Amino acid sequence: MILTSCFQADEKRVEELAQREQDMKHQYNEKIRSYKEREHDLQRQLNQALDQLTQLRHTHDDTQAQLLNHNQKYDEEVVGKLAELDIVMMDLERANTKIVELERKNVSCENVNVANRADRGNPRMTFERRLKQLAQSPKKNPTL
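About the thresholds
Residues numbered from 1 in each chain as written. Predicted model: local features only at pLDDT ≥ 70, side-chain atom pairs only at ≥ 80, totals over all residues. Heavy atoms only, no water. Helix = DSSP H or I, 4+ residues; strand = E, 2+ residues; numbered from the N terminus. Buried < 20%, exposed > 50% of the residue type's maximum accessible area, 1.4 Å probe, protein only. Areas by Shrake-Rupley, 256 points an atom, 1.4 Å probe, with all protein chains shown as cover. Salt bridge = Lys/Arg side-chain N within 4 Å of Asp/Glu carboxyl O.

Draft legend 1. Local environment of the overall build of the chain. In terms of helices and strands, the chain carries 2 helices and 0 strands. Per-residue burial over the chain gives 2% buried out of 144 residues. In the form shown here, the chain has an accessible surface area of approximately 14000 Å², with 57% of it arising from carbon and sulfur atoms.

Draft legend 2. The arrangement of the pattern of salt bridges in detail. Inspection of every chain in the model, using the stated rule, returns 5 salt bridges. Residue arginine 33 pairs with glutamate 37 through a salt bridge whose shortest N-O separation is 2.3 Å. A residue pair is termed a helical-turn pair when its members lie 3 or 4 positions apart in one helix, as arginine 33 and glutamate 37 do in helix α1 (residues 2–118) at 4 residues. Judged by relative accessible area, which is 40%, arginine 33 ranks as partly exposed. Ionic pairing is found between aspartate 91 and arginine 94, a salt bridge with its closest N-O pair at 3.0 Å.

Written out as structure tokens, the structure reads:
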């Protein structure tokens, strides 16, 4: 009887140990499955992040190229506008010079007209005055 009782107790312990071993294997397998799922999720997230990074790099490169193109066009436009402004300024200087020259001629002509009116009765005086004016006026290039 004692032997049967010891035998039953040993059997019970063996069963308990077997059950514990089974529970531990089940827990271990569950943890392995959980870790694999977590690894899979993390790998998927990493791949998504890498894809987004690649897309951002392409977008950045495209934006940089557009910006460079825009800057080049802007610089070309500025250079063109400055060249136009230089041309306009040269034209303005020429026009102002021509105006001053024409004003001098106008004053000279008015002086001649006044002198001519004063000397109308004396043709010799008109001729002499005209020669004097021609001698005093600056010589001009006849090819202009």
